Protein chains: 2
Amino acid sequence: MNLSVESVPIITPRLPSVRPPAPAEPPGPDASRAYPVREGVLAMPAVFPLEHGGELRDARLAWRLVGAAGAPVVCALGGISANREVCLASDPRNGWWSEIVGPGGALDTDEYQVLGFDYLGGSGDSTGPEPGAAGPTAERGVFPSLSSYDQAEALAQLLDHLGLASLAAIAGGSYGGMVGLAFAERYPERVARLIVIGAPDRSHPLATAWRSVQRRIVSLAAACGQAQEGLKVARALAMTTYRSAAELAARFGGTASRDGQRFVFPVEEYLFARGCDYATRHRAESFLTLSESIDLHRVDASRVFVPTTVVAVREDQLVPLEDLRALAARLPHGRLHEISSIYGHDAFLKESYQLRGIFRAALGSPK
Amino acid sequence: MNLSVESVPIITPRLPSVRPPAPAEPPGPDASRAYPVREGVLAMPAVFPLEHGGELRDARLAWRLVGAAGAPVVCALGGISANREVCLASDPRNGWWSEIVGPGGALDTDEYQVLGFDYLGGSGDSTGPEPGAAGPTAERGVFPSLSSYDQAEALAQLLDHLGLASLAAIAGGSYGGMVGLAFAERYPERVARLIVIGAPDRSHPLATAWRSVQRRIVSLAAACGQAQEGLKVARALAMTTYRSAAELAARFGGTASRDGQRFVFPVEEYLFARGCDYATRHRAESFLTLSESIDLHRVDASRVFVPTTVVAVREDQLVPLEDLRALAARLPHGRLHEISSIYGHDAFLKESYQLRGIFRAALGSPK
């Protein structure tokens, strides 16, 4: 994934995949169909001022547009680990949101084109902290603090670039929902509908507490030259907040095993396996930037005039139900769906059945 | 607090405190009354075998007995940070459980003598990991894994030493409740009643997850020669699990402040102030030992025949209400009290009003 900087999108029609669906796979997006994909890296204006001060110079934004050519465009945004590969054109069963987005999915690529981009500050191909920038003296190198408004501003630039006056919708989970709210507040004329899953107008102090600890873990480890080791532990902690107590209880109630002089608990093995995997794909400095961005997020819901569907997960430890009830009540055109999911905060990635009806109701018929 | 090893308790009658109660203090234990205190350090048998293998050699157990001479004895045990100083004889307003235990308290030192001890493996004057034992190659030095049954065994040795055939009760919160359950299962004839607050028969996997991350933080930092720095971060994480989401929301909803290149959030300032304070008083190696002990705790509730009062806090993130309902149902003579507290898991330290009635009902009249 090394894209060169382009001011003109690369248009890459893809041939249908020759790989047939594996027989053992559960019913899901049909991999035998494939869509045109357009992707590129937008060269942003030479100076891109930031919400919390400072600026990015010569920033790039890596993006990808997949789905039926000419169909209305929905921007799909996920958590801080998500990227522009929402679902793959060559095999829609892959991509970070492939359980929700794809042919026949809750967000149906037969009906919509789906736009994704790599977050500014992240580990993808958009501008972010340089690898190795975290060090003993400057824990995020020289990369400035980012706001969800900055991501929204980048999306506006991307729409200009693509010649899109407006989006049919933004569908965002977690941090992506925050970016959606920020965009809708700033550019009400550029998005017709908003779907926000597990994202508040501001972070709950307990969620900020958990993320602050994650950032301190990475900073402490970085000060010892062990930033990626710290990232493993930070991600393990994050995992405890993404899932529900009930899921962990159901999966990890077994007994501890000896590992040399100490015991290792089943849930610990799971968390640190996830943490190790994460650390191979993400940079500690990017994690610090985007994690902080979640906690800096604050929008005035009363000024978000775009019709907005809020999806709250009762078991979400990071975004309490009460906070999303309050958000929906403050939105001028808000509607709340409360769902239950053993996946907690991660329900936005998993609950394809429950989200299908909600997406259909929110999006209506494509124009 | 440097006690020499004694096989005979030191009997230290204390004079009434000359310090009058400060006028601004809320009503609480009366500091003008003081009690005899007996304290000492028990020399345990030369070889003390441990539940999970290995043994302690020439172990010591530091203990303290406060309250009306001749009154029935209640053993009071707290979390892994607690020690033998349950409430101070010279000023009952001090001590780790002084909001609950003292003259006129929920556990009334006019009616009971209160016995406390420093946990094996802890940072007090009982045998534990040596300072500095945590290092790059052995994260707990050579100190073996400890079980709640080991603490129970130490208590049994202490009762022998004090010439006490049995206790009127054990009242334990958090880890102390686990030790109480372990003791009651092993020595039903040596304790008449058990009060268990926020302690299950086994740890919930989500709680184990949070503690596993805390231990990994300390281990990672110790490998860099920064064990106490790691302990600060680990304690900050622990604090997020001890209190309730509602308390943090009420206290720390303010905006972030700049600290050089980054932002610091109000809840973060609080957590790390608590973490720094903790790290001055506790050793990383002891934390690792006792934290692991919580996760190794498993008792068979159906074999705990001592009449047991279980107190569950609905807002406790570490010990879910459902787990304590199940515990109480499995206990042959169990009774459950469900309370609400903004203090979450820490309610056992704070809810003096709610606990007063529960203690009175559980303990009955002193003999």
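Coordinates for the structure precede this section.
Right, let's walk through the structure included here.

All names here are of chain B. Two numbers describe how helix H4 (residues 227–242) lies on helix H6 (residues 266–281): the axes approach to 7 Å, and their chain directions differ by 130°. Relative to H6, the element H4 lies oblique. For the crossing formed where H4 meets H6, the hand is right-handed. Contact residues: Gln228, Leu231, Lys232, Val233, Arg235, Ala236, Met239 and Thr240 in H4; Tyr270, Leu271, Phe272, Arg274, Gly275, Cys276, Tyr278 and Ala279 in H6. Looking at the contact of H4 with H6, its residues break down into 10 nonpolar, three polar and three charged.

With 52 residues of chain A at the interface, the matching set in chain B holds 53 residues. Here chain A packs against chain B, burying approximately 4100 Å² in sum over the two surfaces, 66% of which is carbon and sulfur. Counting across the interface, chain A meets chain B through two salt bridges. We note a salt bridge from Glu268 of chain B to Arg216 of chain A, for which the minimum N-O separation is 3.0 Å. Viewed at the interface, chain B and chain A are joined by 12 residue pairs in polar contact (both at pLDDT 80 or more). Of all elements in the fold, only strand E10 (139–142), helix H3 (205–223), helix H4 (227–242), helix H5 (245–251), strand E14 (262–264), helix H6 (266–281) and helix H7 (284–296) of chain A reach the threshold of two or more residues within the side of chain A that touches chain B. A total of 12 residues in the side of chain A that touches chain B trace back to one element, the largest contributor, which is H3 of chain A. By residue class, the composition of the side of chain A that touches chain B is 26 nonpolar, 14 polar and 12 charged.

Residues and elements named next belong to chain A. In contact at an axis separation of 7 Å, H3 and H4 are set at 165° when each is read in the N-to-C sense. One finds that H3 runs roughly antiparallel with respect to H4. The two elements H3 and H4 meet at a crossing, and its hand is right-handed. Together, Trp210, Val213, Gln214, Ile217, Val218, Ala221 and Ala222 of H3 and Ala227, Gly230, Leu231, Val233, Ala234, Leu237, Ala238 and Thr241 of H4 make up the contact between the two elements. Residue composition of the contact of H3 with H4, grouped by class: 12 nonpolar, three polar and no charged.

Scoring rules and cut-offs
- Residues numbered from 1 in each chain as written.
- Chains lettered and ligands numbered in written order.
- Predicted model: local features only at pLDDT ≥ 70, side-chain atom pairs only at ≥ 80, totals over all residues.
- Heavy atoms only, no water.
- Axes fitted to C-alpha atoms, helices over the stretch in contact; angles between N-to-C directions.
- Helix = DSSP H or I, 4+ residues; strand = E, 2+ residues; numbered from the N terminus.
- Parallel < 35°, antiparallel > 145°, perpendicular 65-115°, else oblique.
- Left-handed = near helix turned anticlockwise from the far one by under 90°.
- Contact = heavy atoms within 4.5 Å.
- Nonpolar A, V, L, I, M, F, W, Y, C, P; charged D, E, K, R; others polar.
- Buried area = accessible area lost by both parts, 1.4 Å probe.
- Salt bridge = Lys/Arg side-chain N within 4 Å of Asp/Glu carboxyl O.
- Polar contact = N/O pair within 3.5 Å; in protein donor to acceptor, adjacent residues only side chain to side chain.

By themselves, these figures tell us nothing about what the structure is for.
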